[in-house]
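Chains, contacts and geometry: an overview
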Amino acid sequence: MEQFDVVIIGGGSAGLAALKQLSSVGIQTVLLEAGSTIGTKNVSGGILYSKNPQTGKVHNVDEIFENFLEEKPWERQITKYILNCVSKDKVLSIDLTDSHEYQSNFGCSVLLNKLNSWFAKQSLETAEKNGGGIISGVHVRNITWDNERGKTIIQTDELDDFEAKAVIASDGVNSEVAEITGARKKFLPPELYQGVKVVIKLPEEIIEERFQLNPGEGTAHIFAGDITLDHIGGGFLYTNLDSLSAGVVYHYDSLLSNPTGPNNLINALLNNPFVKEYIKDEVALEPYPDKTLTKMEQLRIKFAVNKLIKKWENLRFEYYSHEGKKRFLEDKEFNSIEDAKSKIDSIHKELLEKYNTRFETDYVELEYSTKLIPDGKRCRMKKPYIKNILFIGDAAGRGLFIGPRIEGLNVGIDDAARASNAIKQALEKNNLDVASNYLGELYSQSVQQSPYTMDMERIDKHYIKTIIDAAGKQIPSEKIGKHKFLFKLFLNDKLRNVSIDIVNKIGYNNMLSLIESKETYINAPINIAEKLGTKTISEYSLSIPELSQRISSLSYNDDPQSHIKITNSRSEFMKKMVTLCPTKCYSLEGEEVVLQHEGCIECGTCSPETEWRHPRGEKGIQYKYG
């Protein structure tokens, strides 16, 4: 039976960071990934931070991957962070850039297929030097222990069984490793968020002009108020290099109490006039066919028009790209940038005048995705291990959601480094006995010392101060009605600090239901927007794809074997899945809920009352952006 020092299960950002960290210190490590290639199963909001905490130390992406800053596998470095209070077409925007920069070296928008592919390349180069590497298309089916030999045996659907001295589980919020080994129970709805996202195509320089950015800079917008459709949570709009990530994140139990389709939740964000003005672009539409022509002539025109539209779109996208303009001249396709613009305009004119092509203001959606996100304040594993298996990132329930502060990727990367360092120390002491818990306790102590864990356990008064100070400068307290007293109280440093100290003393977790309430996420932002907001007028209509169109545009490697089994087809929870499943895999036939698994995007929304597994290796959803 083949043997490895360490096996990592799951090829997300955290797993790849662990592979890089372990391989860098000469430990033979193999990473198993269920997707056909790294990145195809990963989804994020997302902003990746590099942090600089006032107390303690975290392990940052730019330390683990030495050439991260040089090669820039991200989208844009976020330099503006804006909270938008929304009531219908009125919005008050509050600059929270100071809170975004709080204890941060930088934060950058990312798309996980691109980012994790780069991580994989860097990690693989190091891992192969030690006899390790990455094996994709592999789904772990079972893990058992040979206590006499001190070995852990891993069984997969695709490979012969093999052994490991230690295992790192980075297989996400619905960790099968956790369920197989009994390390923890499934996370419950009150411990989770559901995130829904679309990626929107928009040329690079148009993004910079519209969001008032310098090249390489980015903006993050977050939203609260009636845009949530009466759910506890909010929306986001992040600038990527030549696309936008637009999404919503809501408390899962809030969705269960008021079931609303994820498709409708994201549409509510997109249809807000303020958001519509940010995502719009010029879109070419096929002309209506001339029925007086023969079918053959109609077909010929259709092909000619589609070819021209494609050329116009590609040239225009390159023209509004800094690198694209360079390529125009380097490839000598055009004599000057002005020549390129003339060519784009001439194609536009030909489409308009010769073929009656319609050009409209609309938006272009590239990808629809959903995932469950752990709320580390509620569900983090207090002991993130079982025997010689260490859990990191989402698999350990570790994520930071504190008001406008949303962090997950960097937390998982920090966990990965801590798990790697614990394994290194245990190997050096030759103490990986599965019965001793030495490795697990070593890792658990390290995680407990992490500044991220401290942030999950208490309210950071200094962070709250940055938010209150920013809001205090932009919101006159006398104009916000019934919230005036509370607002004035928090503007007072001494009173605010006493209040936070009391909350921390009582127990942050005990106060969460009061802190994260409809009053905080919905009513107060609506009131502020109504009193102080500016009206946005948007005069075009979005052509939002139907859910069936969104699903059909995704890429799947279909598996005739379902990875999900319903345990109680008549339960109230499963009946809510008919609404809450983001791709409508569930339907009601009489009193029974039935499943059509083919459209599943593997978010795990249904996992609390199903036998839920990831699909077999290489099967299922394959995200292009993530």
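What you see is a predicted model; the values in this text were computed from it and never measured.

Procedures and definitions
Residues numbered from 1 in each chain as written. Predicted model: local features only at pLDDT ≥ 70, side-chain atom pairs only at ≥ 80, totals over all residues. Heavy atoms only, no water. Helix = DSSP H or I, 4+ residues; strand = E, 2+ residues; numbered from the N terminus. Rg over C-alpha atoms; globule rule 2.2 N^0.38 Å. Buried < 20%, exposed > 50% of the residue type's maximum accessible area, 1.4 Å probe, protein only. Contact = heavy atoms within 4.5 Å. Areas by Shrake-Rupley, 256 points an atom, 1.4 Å probe, with all protein chains shown as cover. Core = buried A, V, L, I, M, F, W, Y, C linked by side-chain atoms within 4.5 Å. Axes fitted to C-alpha atoms, helices over the stretch in contact; angles between N-to-C directions. Left-handed = near helix turned anticlockwise from the far one by under 90°. Nonpolar A, V, L, I, M, F, W, Y, C, P; charged D, E, K, R; others polar. Arc of directions from axis to C-beta. Polar contact = N/O pair within 3.5 Å; in protein donor to acceptor, adjacent residues only side chain to side chain. Expected span 1.5 Å × (residues − 1). 1 Å grid on protein atoms, 1.4 Å probe; cavity = no way out; pocket = protein on both sides within 12 Å on 5 of 7 lines; lining within 4 Å. Points joined across faces, edges and corners; volume = space filled by probe spheres on them. Phe/Tyr/Trp six-rings, centres within 6.5 Å; stacked < 30°, edge-to-face > 60°. Lys NZ or Arg CZ within 6 Å of the ring centre and 35° of its normal. Pairing = 2+ DSSP bridges. Patch = residues over 30% accessible without salt bridge, like charges linked within 9 Å, V, L, I, M, F, W, Y side chains within 5 Å. Salt bridge = Lys/Arg side-chain N within 4 Å of Asp/Glu carboxyl O. Lys, Arg positive; Asp, Glu negative; His and termini not counted. Charge placed at Lys NZ, Arg CZ, Asp CG, Glu CD.

**A word on the overall build of the protein chain**
On a plain count of helices and strands, the protein chain comes out with 24 helices and 28 strands. A compact globule built from 626 residues would reach a C-alpha radius of gyration of about 25 Å, and the protein chain, at 26 Å, matches this within 12%. By its C-alpha atoms, the protein chain is 80 × 65 × 60 Å across when sized along the principal axes. The proportion of buried residues among the 626 residues of the protein chain is 57%. Considering only contacts within the protein chain whose residues lie at least 6 apart along the sequence, 75% involve residues at least 24 apart. With an accessible surface of roughly 26600 Å², the protein chain has 49% of that area assigned to carbon and sulfur atoms.

**Observations regarding the nonpolar core**
In this structure, Leu270, Ile279, Met577 and Tyr586 are the most contacted members of the largest nonpolar core, which totals 57 residues. Of all hydrophobic cores here, the second largest spans 44 residues; its members include Ile8, Ile38, Leu439 and Tyr443.

**Focus on unusual backbone geometry**
Cis peptide bonds are those with omega within 30 degrees of zero, and the linkage from Gly45 to Gly46 qualifies with -20°. Tracing the sequence through the fold places Gly46 in the loop between strand S2 (29-33) and strand S3 (47-51). Unusually for a residue other than glycine, Lys88 sits at a positive phi of about 55°. Note on Lys88: relative accessible area 62%, which makes it exposed. Residue Glu618 is not a glycine yet carries a positive backbone phi of 70°. Take Glu618: it is sitting in the loop between strand S27 (610-612) and strand S28 (620-622). A relative accessible area of 37% places Glu618 in the partly exposed class.

**Things to note about the packing of helix H15 (residues 409-428) against helix H16 (residues 438-448)**
The interhelical angle for the contact between H15 and H16, taken along N-to-C directions, is 145°, at an axis separation of 9 Å. Note that H15 runs across H16; the crossing there is right-handed. Taken together, the residues of H16 that come into contact with H15 (itself represented by Asp415, Arg418, Ala419, Ala422, Ile423, Gln425 and Ala426) are Tyr438, Leu439, Leu442, Tyr443, Ser446 and Val447. Of the residues in the contact of H15 with H16, the class split is 9 nonpolar, 2 polar and 2 charged.

**Here's the deal with helix H21 (residues 508-515)**
When H21 is considered as a whole, its buried residues turn out to be Tyr508, Met511 and Leu512. Buried residues along H21 cover an arc of 135° about the axis, so they all sit on one side. Exposed side chains of H21 directed beyond 90 degrees from the buried face belong to Asn510, Ser513 and Leu514.

**Some remarks on the side chain of Gln155**
Its place among the elements puts Gln155 in strand S9 (residues 151-156). Within polar-contact distance, the side chain of Gln155 engages the side chain of Asp161 at 3.4 Å. Setting aside chain neighbours within four positions, we find Gln155 in contact with Val140, Arg141, Asn142 and Asp161.

**Examining the side chain of His251**
Take His251: it is sitting in strand S14 (residues 243-251). Here the side chain of His251 touches Glu516 through a polar contact of 3.3 Å, side chain to side chain. In contact with His251, not counting residues within four places along its chain, are Leu192, Tyr193, Ile232, Asp375, Arg378 and Glu516.

**Concerning helix H13 (residues 337-353)**
Under the 1.5 Å per step criterion, the end-to-end length of H13 is 24 Å for 17 residues, consistent within 8% with the ideal 24 Å. Of all the residues in H13, the buried ones are Ala340, Ile344, Ile347, His348 and Leu351. Here the buried residues of H13 occupy an arc of 100° about the axis, which is enough to place them on one side. The outward face of H13, more than 90 degrees from its buried face, is lined by the exposed residues Glu338 and Glu353. Elements in contact with the buried residues of H13: strand S15 (281-285), helix H11 (295-319), helix H12 (322-330) and strand S16 (358-362).

**Describing empty space enclosed by the protein**
For the coordinates displayed, the defined rule picks out 7 cavities of 30 Å³ or more. A volume near 120 Å³ is recorded for the second largest cavity. Together, 13 residues line the second largest cavity, and Val173, Asn174, Ser175, Glu179 and Lys186 are the ones closest to its centre. Residue classes in the lining of the second largest cavity are distributed as 5 nonpolar, 3 polar and 5 charged.

**A few points about the packing of aromatic side chains**
Overall, the coordinates contain 18 aromatic pairs when judged by the stated rule. When the centroid spacing of 5.7 Å and the interplanar angle of 45° are considered together, the rings of Tyr102 and Tyr463 count as tilted. With Tyr102 in the loop between helix H4 (97-100) and strand S6 (104-109) and Tyr463 in helix H18 (residues 461-474), the pair connects residues that are 361 residues apart, well separated along the chain. Through pairs of rings, three or more aromatic residues link up here, namely Phe65, Phe68, Trp74, Phe106, Trp118 and Phe119. Over the ring of Tyr540 we find Lys276, and its NZ or CZ is 4.9 Å from the ring centre. Sitting over the face of the ring of Trp145, Lys387 holds its NZ or CZ atom 4.4 Å from the ring centroid.

**Quick look at the pairing of strand S25 (residues 586-589)**
Where S25 and strand S26 (residues 592-595) come together, 4 bridges link them in antiparallel fashion. Note that in S26 the partner of Leu588 across the bridge is Val593. Taken together, S25 and the strand that follows it, S26, pair antiparallel across an intervening segment of 2 residues, in which Gly590 is found at a positive phi of about 70°.

**Quick notes on a negative patch on the surface**
There is a patch of like negative charges on the surface, built from Glu70, Glu71, Glu125 and Glu128. Looking at the negative patch, the elements with two or more residues in it are helix H3 (68-71) and helix H5 (112-128).

**Looking at the pairing of S3**
Extensive coverage of S3 is indicated by the burial of 5 of its 5 residues. The side-chain alternation of S3 yields two buried faces, one formed by Ile47, Tyr49 and Lys51 and the other by Leu48 and Ser50. Both S3 and S6 contribute to a ladder of 5 bridges, which runs antiparallel. By the bridge assignment, Lys51 is partnered in S6 with Ser104.

**Some words on the environment of Val6**
Looking at the element boundaries, Val6 is found in strand S1 (residues 2-9). Note: C-alpha distance between Val6 and Leu31 (25 residues apart in sequence) is 8.5 Å. The contact partners of Val6, leaving out residues within four places of it in the chain, are Leu22, Ile27, Gln28, Thr29, Val30, Ala166, Ile168 and Ile423.

**A word on the environment of Lys624**
As for its placement among the helices and strands, Lys624 is situated in the segment after S28. In contact with Lys624, other than residues within four places in its own chain, are Asn113 and Glu367.

**A short note on the environment of Ala417**
Tracing the backbone through its elements, the reader meets Ala417 in helix H15. Residues Ala417 and Gly132, spaced 285 residues apart in sequence, show a C-alpha to C-alpha distance of 18 Å. When neighbours within four sequence positions are excluded, Ala417 is seen to be in contact with Gln21, His59 and Ile64.

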